[in-house]
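As a plain string of letters, each chain reads:
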Amino acid sequence: MPVRPYTYYDFTLSICSTCLRRVDAKIVFENGNVYMHKNCREHGFEKVLIATDIAYYKKIRNYNKPSETPLHFNTKTHYGCPYDCGLCTDHEQHSCLTVIEITDRCNLQCPTCYAMSSPHYGRHRTIEEVEKMLDIIVANEGTPDVVQISGGEPTVHPDFFAIMDIAKQKPIKHLMLNTNGIRIAKDFEFAKQLATYAPDFEIYLQFDSFKSSALEQLRGKDLTEVRMKALENLNALNLSTTLVVTLQQGVNDDEIGKIINFALQQKCVRGVTFQPTQVAGRTQNFNPATDRITLTDVRQKILDQTTVFKPNDLIPVPCNPDALVMGYALKLAGQTFPLTRYIDPAQLLDNSRNTIIYEQDDALKEKMIDIFSTGISVDRVEENMKQLLCCLPQIEAPGLGYDNLFRIIIMRFIDAYDFDVRAIKKSCVHIVHKDGRIIPFETMNLFYRDDKETYLKTLQQERAALPV
Ligand code: SF4
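An account of the accompanying structure is given in this report.

Calculation notes
Residues numbered from 1 in each chain as written. Predicted model: local features only at pLDDT ≥ 70, side-chain atom pairs only at ≥ 80, totals over all residues. Axes fitted to C-alpha atoms, helices over the stretch in contact; angles between N-to-C directions. Helix = DSSP H or I, 4+ residues; strand = E, 2+ residues; numbered from the N terminus. Parallel < 35°, antiparallel > 145°, perpendicular 65-115°, else oblique. Left-handed = near helix turned anticlockwise from the far one by under 90°. Contact = placed C-beta atoms within 7 Å. Nonpolar A, V, L, I, M, F, W, Y, C, P; charged D, E, K, R; others polar. Pairing = 2+ DSSP bridges. Near = placed C-beta within 6 Å. Buried ≥ 20, exposed ≤ 12 C-beta atoms within 10 Å, placed from the backbone. Core = buried A, V, L, I, M, F, W, Y, C linked by C-beta atoms within 7 Å. Domains from an automatic or database assignment.

With respect to the packing of helix α2 (residues 127–141) against helix α3 (residues 160–169)
No. 1: Packing of α2 against α3 leaves a shortest axis separation of 10 Å and a crossing angle of 25 degrees. It follows that α2 is roughly parallel to α3 by the angle criterion. Relative to α3, α2 is oriented so that their crossing is right-handed. Judged by residue contacts, Ile127, Val130, Glu131 and Leu134 of α2 engage Ala162, Ile163, Ile166 and Ala167 from α3.
No. 2: For the contact of α2 with α3, a count of residues per class yields seven nonpolar, no polar and one charged.

A look at the sheet that holds strand β1 (residues 7–15)
Hydrogen bonds along the backbone pair up the strands of a sheet, which may run parallel or antiparallel.
No. 1: In space, the four strands of this open sheet follow the order β1-β2-β3-β4, with antiparallel pairing throughout. Every interior strand has two partners, whereas the edge strands, β1 and β4 (44–51), have only one. With strand direction ignored, the average angle separating the axes of adjacent strands in the sheet is 25 degrees.
No. 2: Where strand β2 (residues 22–30) meets strand β3 (residues 33–40), six bridges bridge the pair, whose relative direction is antiparallel.

Examining the site of the ligand
No. 1: Near the ligand, the surroundings consist of 13 residues, among which Cys81, Cys85, Gly86, Cys88 and His91 are the closest.
No. 2: Class assignment for the residues of the shell around the ligand results in seven nonpolar, three polar and three charged.

Description of the pairing of strand β19 (residues 429–432)
No. 1: What you see with β19 is no split at all: Val429 and Ile431 on one side and His430 and Val432 on the other are buried throughout.
No. 2: Judged from the three bridges that link them, β19 and strand β20 (residues 438–440) form a sheet pairing that is antiparallel. In the sheet register, Ile431 faces β20, and the bridge partner there is Ile439.
No. 3: Connecting β19 to the antiparallel partner β20 that follows it, the hairpin turn spans five residues, and Gly436 within it adopts a positive phi of roughly 105 degrees.

Some remarks on the nonpolar core
No. 1: By size, the foremost hydrophobic cluster in this structure holds 118 residues, and its most contacted members are Ile100, Leu243, Leu324 and Val325.
No. 2: Here this core takes six residues from strand β18 (residues 405–411), the largest share from any one element.
No. 3: Mapped onto the domain boundaries, this core takes at least three residues apiece from domain 1 (7–66 + 415–465) and domain 2 (326–410).
No. 4: Here Val325 is in contact with Leu295, Arg299, Leu314, Ile315, Pro316, Val317, Ile409 and Ile410, once residues within four sequence places are set aside.

A word on the pairing of strand β5 (residues 97–101)
No. 1: A large share of β5 lies buried, amounting to five of its five residues.
No. 2: Burial along β5 is two-sided: Leu97, Val99 and Glu101 facing one way and Thr98 and Ile100 facing the other are all buried.
No. 3: Here β5 pairs with strand β7 (residues 146–150) via five bridges, running parallel. Among the inter-strand pairings, Glu101 is bridged to a residue of β7, identified as Ser150.
No. 4: Here β5 runs beside β19; their pairing, made up of three bridges, is parallel. Across the sheet, residue Leu97 finds its bridge partner in β19, namely Val429.

With respect to unusual backbone geometry
No. 1: Across the junction of Gly86 and Leu87, the peptide omega takes the value -15 degrees, indicating a cis bond.
No. 2: Cis geometry marks the peptide bond from Gly151 to Gly152, where omega comes out at 20 degrees.
No. 3: Relative to the elements of secondary structure, Gly152 occurs in the loop between β7 and α3.
No. 4: Positive phi outside glycine occurs at Asp200, with the angle close to 60 degrees.
No. 5: According to the C-beta neighbour criterion, Asp200 is partly exposed, with 16 such atoms within 10 Å.
No. 6: Even without a glycine there, the phi angle at Asn238 is positive, about 45 degrees.
No. 7: When you line up the elements, Asn238 lands in the loop between α7 (224–237) and β10 (241–247).
No. 8: Here Asn238 falls in the exposed class, since 12 other C-beta atoms lie within 10 Å of it.

If you want it as structure tokens, here you go:
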């Protein structure tokens, strides 16, 4: 009998990468890779590489956990996902991290920018608009886990510190500033004022490459000196910082290990987040056919390019396992101790308790007691292990603090190519819209940003006209 060249594994819904209409999609395994097959009546067949590691792709489902929802939803489910954001009642995860864009403007005009920002694009939000958006986040979340002040480039906002003061007064557990670092590099007094918002405050610093050619390609200019000066100032203040690397195949994916090793040497750096380019907004030096990089590709490159992390140190994040990989380590006396390997996936989930447990594993407890320090109670160790499986853990142990934690995150924002309705419902990084909606980061950039909503309305009308 004729045999297909692939193994059919699953079925889902995707969107056509040209017209963004919802289409059926198959997930298949072929030659060691995972592909999505989809077919648009108007634009034809698409075969998209979605993972380069079948075993890891299959393992993702083992890390799923019962969904945590927001306190209330902002839209009803009507046209079908992803045309109802949000968050609509069908969404399956609350906002682990909410982005608030206080300006459209930026002091750069990067060739890679999901928001199309530039020095003259759009406008700054008023203080009143920003406070309203913060209140929307608090209404949805109660005590939001992480809120990220973003843009454009938020530090160009004329009322930047007034906004920071307002944000700091809200019941937000951890506040972040997403920045290209130019102002931090140029103005130490500015950096010092930022440091007054610590603790529970962190800089999310753009840090893509050590190569001027890669920076030119991604950012439009060589920012090497700016990056180093910004880090020098942040180190001087020991202001918690995450390095954020926008990754593009063939541009900077050869530097993953070098960036991790460099980050481990920086006093202020608590981790590195790798974000493969989402095909959305301004992607000028990007060819989707050759330049997309999958989450499993990035994970493998971390394993190939560093000696610190082994395969069981880089595991799916239960909030949104399709899109997030995490690896945690402790930095102690100049040494790095990976932690995530001690989590046993077979014992991760206890649905009846809606929590993650490992209580049954006495050997694991002993190992963690050794690592966390002598004298720490078993209860404390258990609490720390549960915290590790959240997006932003706090380590509590005698003599240890956030300074001792090092976190690797891979954050793959799905785009119109690898879009999977099953996975998008678990998105946990959201953007607050000034009209009160909370919209997943991925769908915001595809459907809901600026004038994109005009086309979205056409898609919604088409859906509404379908027979029930
Ligand atoms: S992505 Fe979430 S909020 Fe948006 S339509 Fe789908 S389920 Fe609703």
